[in-house]
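Commentary on secondary and tertiary structure
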Amino acid sequence: MIALGGYPRLSGSGLSMTDWRIQGRSLPLTQEAWEKEFEEYKRYPEYQRLHAGKMELEEFKRIYFVEWFHRMWGRGAGIYFALPLAYFVVRRILRPQLALRLTGLLGLGFSQAFVGWWMVRSGFDPPEKHTPTLGAHQRPRVSPYRLASHWTAALTLYC
């Protein structure tokens, strides 16, 4: 999952999905839906400062898919962990101490999702808001502090 998180960051895909829904969402299915997502993306600093007039819909589809896949993989991992855990807890198959530890691990996973949303949200603000000492005309990006929080949470779950 850490590699799946690093790729959107390195490929510049992480800010392409401009909304976050707890339940997730399917990829846009029609040309009209894709155009609507692209128009929404155009409202934010990343497009305005880096891609204005240079990015075509096909390139947007590629970066959107990378971020969508990362988010859906995380949701899938959470569901595939939570459902068996709930089953085993309800059936009292797990010892209480282990059930509590695993539930805590699931809670860390949920917090990782929240920190990811919080991090991406910072990328929709003008970059000067999160790194004011670097001056005007900065490259749009997520807050480095929030990125470090997200990465540290991922490492905590991994270890």
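Thresholds applied
Residues numbered from 1 in each chain as written. Predicted model: local features only at pLDDT ≥ 70, side-chain atom pairs only at ≥ 80, totals over all residues. Heavy atoms only, no water. Patch = residues over 30% accessible without salt bridge, like charges linked within 9 Å, V, L, I, M, F, W, Y side chains within 5 Å. Areas by Shrake-Rupley, 256 points an atom, 1.4 Å probe, with all protein chains shown as cover. Salt bridge = Lys/Arg side-chain N within 4 Å of Asp/Glu carboxyl O. Buried < 20%, exposed > 50% of the residue type's maximum accessible area, 1.4 Å probe, protein only. Helix = DSSP H or I, 4+ residues; strand = E, 2+ residues; numbered from the N terminus. Expected span 1.5 Å × (residues − 1). Contact = heavy atoms within 4.5 Å. Phe/Tyr/Trp six-rings, centres within 6.5 Å; stacked < 30°, edge-to-face > 60°. Lys NZ or Arg CZ within 6 Å of the ring centre and 35° of its normal. Axes fitted to C-alpha atoms, helices over the stretch in contact; angles between N-to-C directions. Parallel < 35°, antiparallel > 145°, perpendicular 65-115°, else oblique. Nonpolar A, V, L, I, M, F, W, Y, C, P; charged D, E, K, R; others polar.

**Considering a nonpolar patch on the surface**
A contiguous nonpolar surface patch, about 510 Å² in accessible area, is contributed by Trp20, Ile22, Phe114, Trp117 and Trp118. For Ile22, a relative accessible area of 66% puts it in the exposed group.

**What about helix H5 (residues 96–122)?**
With 27 residues, H5 extends 39 Å from end C-alpha to end C-alpha; this agrees with the ideal 39 Å at 1.5 Å per step. By the burial criterion, the buried members of H5 are Ala99, Leu106, Gln112, Val115, Gly116, Met119, Val120 and Ser122. Close packing links the buried residues of H5 with helix H4 (57–90) and helix H6 (144–158).

**Quick look at the packing of aromatic side chains**
One pass over the structure, following the stated rule, counts 14 aromatic pairs. Where Tyr41 meets Phe60, the ring centres are 5.2 Å apart and the plane angle is 35°; that geometry is what we call tilted. Taken as a pair, Tyr41 in helix H2 (residues 31–41) and Phe60 in helix H4 lie far apart in primary sequence, 19 residues in all. Of the two residues examined, Tyr41 and Phe60, each falls in the buried class. Following the ring pairs from residue to residue traces out a cluster consisting of Trp34, Phe38, Tyr41, Tyr47, Phe60 and Tyr64. Against the face of Trp20 rests Arg75, its NZ or CZ located 5.6 Å from the ring centre.

**Quick word on unusual backbone geometry**
Residue Arg92 is not a glycine yet carries a positive backbone phi of 60°. Since its relative accessible area comes to 73%, Arg92 is described here as exposed.

**Considerations on the side chain of Thr18**
Along the chain, the position of Thr18 falls in the loop between helix H1 (2–11) and H2. Accessibility expressed as a relative area gives 13% for Thr18, which makes it buried. Setting aside residues up to four positions removed in sequence, Thr18 forms contacts with Glu40, Tyr41, Tyr44 and Phe124.

**Let's talk about the packing of H2 against H4**
Contact pair H2 / H4: the axes reach a minimum separation of 10 Å and the direction vectors enclose 85°. As summarised for this structure, H2 and H4 are arranged roughly perpendicular, according to the angle between their axes. For the pair formed by H2 and H4, the contact residues are Gln31, Trp34, Glu35, Glu37, Phe38 and Tyr41 on the first element and Leu57, Phe60, Lys61, Ile63 and Tyr64 on the second. For the contact of H2 with H4, a count of residues per class yields 7 nonpolar, 1 polar and 3 charged.

**A closer look at the side chain of Ser13**
Relative to the helices and strands, Ser13 resides in the loop between H1 and H2. Beyond its immediate chain neighbours, meaning those up to four positions away, Ser13 contacts Pro8, Ile63, Val66 and Glu67.

**Re the environment of Glu37**
Within the element layout of this structure, Glu37 appears in helix H2. A relative accessible area of 11% means that Glu37 is categorised as buried. Residues Glu37 and Tyr87, spaced 50 residues apart in sequence, show a C-alpha to C-alpha distance of 38 Å. Not counting residues within four places of it along the chain, the set of residues in contact with Glu37 comprises Arg25, Pro28, Phe60 and Tyr64.

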